[in-house]
Amino acid sequence: MMPKGVEQSRKPVIAGNWKMHKLSADAVATALSLRSLVANANHCEVVIAPVFTALKTVADRLEGSNIHISAQDCAPEAKHGAHTGEVAADMLRDAGATYVIVGHSERRQHYSETDTFVQRKTRAAIAAGLTVIMCVGETLEQREAGNAEQVVKGQLEGGLRELTVTDLVRIIVAYEPVWAIGTGRTATPEQAQEMHAFIRRVFAEGHGQDAGNNLRILYGGSVKPDNIAGLMRQSDIDGALVGGASLDPEVFAQIVNYDR
Ligand code: PGA
């Protein structure tokens, strides 16, 4: 557990991962209604992650608002070139994104992304000036076998390899137990807190106590308006990465404006 003053220097982040949802018109409509619903949310950074094709339109329409734009992925190559289907990190910047999610479990599971891949994406994103939301988390099988911490530690160390202290300030970690994503089964605040504290310890061991104290760690996995406040009361939970419940602006705004 962190001393009080230290905790307070970590501004919470509430991020909505829209995954592969919404055509442009719907994305803009959602973003615009969210804009007014969270206009007074100064207690946290509000982030939404639309699909690639809606990034620029949404970013343009939200200009001047307090909502930040994230991409859901980026190419591991920093240099433009023959990489069919990929989008480089500086192209995401160009489209108006300032954040990018890397290493989401859906990409690790369904698109065979390895820690090395995640690490290359992280480096490319940082080089382009993006803030990285790096996802880590164990499967149910791994948790039941007692390997959750070991898995998360491996993902963290693998994904963060070769980063400098200046790079690390642009890293946000999202702990998303795979068994809680889209299942309606959330980790209890205590389970999440335990893993968040562990992540902070691992980060501090690898990169120094200050880096550990300043790291923002988001929880993800079936976050809803009725469980966000309990999660946010935990000392090492600094925000949330929200999937399904971020698609409806009213519901996501309730999460952003959680009871503090
Ligand atoms: P969920 O997704 O909130 O729908 O469980 C979270 C995520 O995958 O980031």
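The notes below deal with the structure included here. Just so it is clear, the structure is predicted and the values come from calculations on it, not from any experiment. (Residues numbered from 1 in each chain as written. Predicted model: local features only at pLDDT ≥ 70, side-chain atom pairs only at ≥ 80, totals over all residues. Heavy atoms only, no water.)

Examining the environment of Thr166
For clarity, the threshold we go by: Each helix is a run of DSSP H or I of at least 4 residues and each strand a run of E of at least 2, with the numbering of both proceeding from the N terminus. A simple rule labels every residue: compare its accessible area, found with a 1.4 Å probe on the protein chains alone, to the largest value its type can have, and call it buried under 20%, exposed over 50%, or partly exposed in between. Two N or O atoms form a polar contact when they lie within 3.5 Å of each other; inside protein one atom must be a possible hydrogen donor and the other a possible acceptor, and for residues adjacent in sequence the pair counts only when both atoms belong to side chains.
Mapped onto the fold, Thr166 is located in helix H9 (residues 165-168). Thr166 sits in the exposed class, given a relative accessible area of 61%. For Thr166 and Leu23, which are 143 residues apart along the polypeptide, the C-alpha to C-alpha distance reads 37 Å. Looking at Thr166, its side chain comes within polar contact range of the side chain of Thr164, at 3.0 Å.

Description of the pattern of salt bridges
Here is the rule: Should a side-chain nitrogen of Lys or Arg be within 4 Å of a carboxyl oxygen of Asp or Glu, the pair is scored as a salt bridge.
Counted under the stated rule, the structure contains 17 salt bridges. Measuring nitrogen to oxygen at the nearest pair gives 2.8 Å for the salt bridge that ties Arg107 to Glu113. Arg107 sits in the partly exposed class, given a relative accessible area of 24%. Residues Arg200 and Asp238 are paired through a salt bridge, measuring 2.9 Å at the closest nitrogen-oxygen approach. Here the residue Arg200 occupies a position in helix H10 (residues 189-207), and Asp238 occupies one in the loop between helix H12 (228-232) and strand E8 (239-242), the gap between them amounting to 38 residues. Judged by relative accessible area, Asp238 falls into the buried class, the value being 4%. Through salt bridges with shared partners, a single network forms among Arg10, Arg200, Asp236 and Asp238.

Focus on the layout of surface pockets
Defined as follows: Using a 1 Å grid laid over the protein atoms alone, points where a 1.4 Å probe fits but cannot get out form a cavity; open sets with protein on both sides within 12 Å along at least 5 of 7 lines form a pocket; any residue with an atom within 4 Å of a point counts as lining. Grid points are joined across faces, edges and corners, and a volume is the space filled by probe spheres set on the points.
Volume-wise, the largest pocket comes out at about 500 Å³. Lining the largest pocket are 21 residues, with Met20, Gln72, Asp73, Arg107 and Tyr111 sitting closest to its centre. Those elements giving two or more residues to the lining of the largest pocket turn out to be helix H5 (105-110) and helix H6 (115-127). At 3 residues, the largest contribution of residues to the lining of the largest pocket is made by H5.

Describing the packing of aromatic side chains
Operational definition: Only Phe, Tyr and Trp rings are paired, with Trp represented by its six-membered ring, and only when their centres lie within 6.5 Å; those with planes under 30 degrees apart are stacked, over 60 edge-to-face, the remainder tilted. Over a ring means this: the NZ of a Lys or the CZ of an Arg is within 6 Å of the ring centre and within 35 degrees of the ring normal.
A complete count under the given rule lists 1 aromatic pair for this structure. If you follow Arg107 out to its NZ or CZ, it ends over the ring of Tyr111, 4.3 Å from the centre. Directly above the aromatic system of Tyr258 lies the positively charged group of Arg260, at a separation of 5.7 Å from the ring centroid.

Describing the packing of helix H2 (residues 24-37) against helix H3 (residues 52-61)
Here is the rule: Lines fitted to C-alpha atoms define the axes here, with helix axes fitted over just the stretch in contact, and angles between the N-to-C directions of these axes take values from 0 to 180 degrees. Crossings are assigned a handedness: left-handed for a near helix turned anticlockwise from the far helix by less than a right angle, right-handed for a clockwise turn. Contacts: residue pairs with any heavy atoms within 4.5 Å of one another. All residues other than Ala, Val, Leu, Ile, Met, Phe, Trp, Tyr, Cys, Pro, Asp, Glu, Lys and Arg, Gly among them, are scored as polar; the first ten of these are nonpolar and the last four charged.
Running from N to C, H2 and H3 cross one another at 35°; their axes reach a closest spacing of 9 Å. Judged by the sense of rotation from one axis to the other, the crossing of H2 with H3 is right-handed. Across the interface between the two elements, Ser24, Ala27, Val28, Ala31, Leu32 and Arg35 of H2 pack against Thr53, Ala54, Thr57, Val58 and Arg61 of H3. Partitioned by chemical class, the residues of the contact of H2 with H3 number 6 nonpolar, 3 polar and 2 charged.

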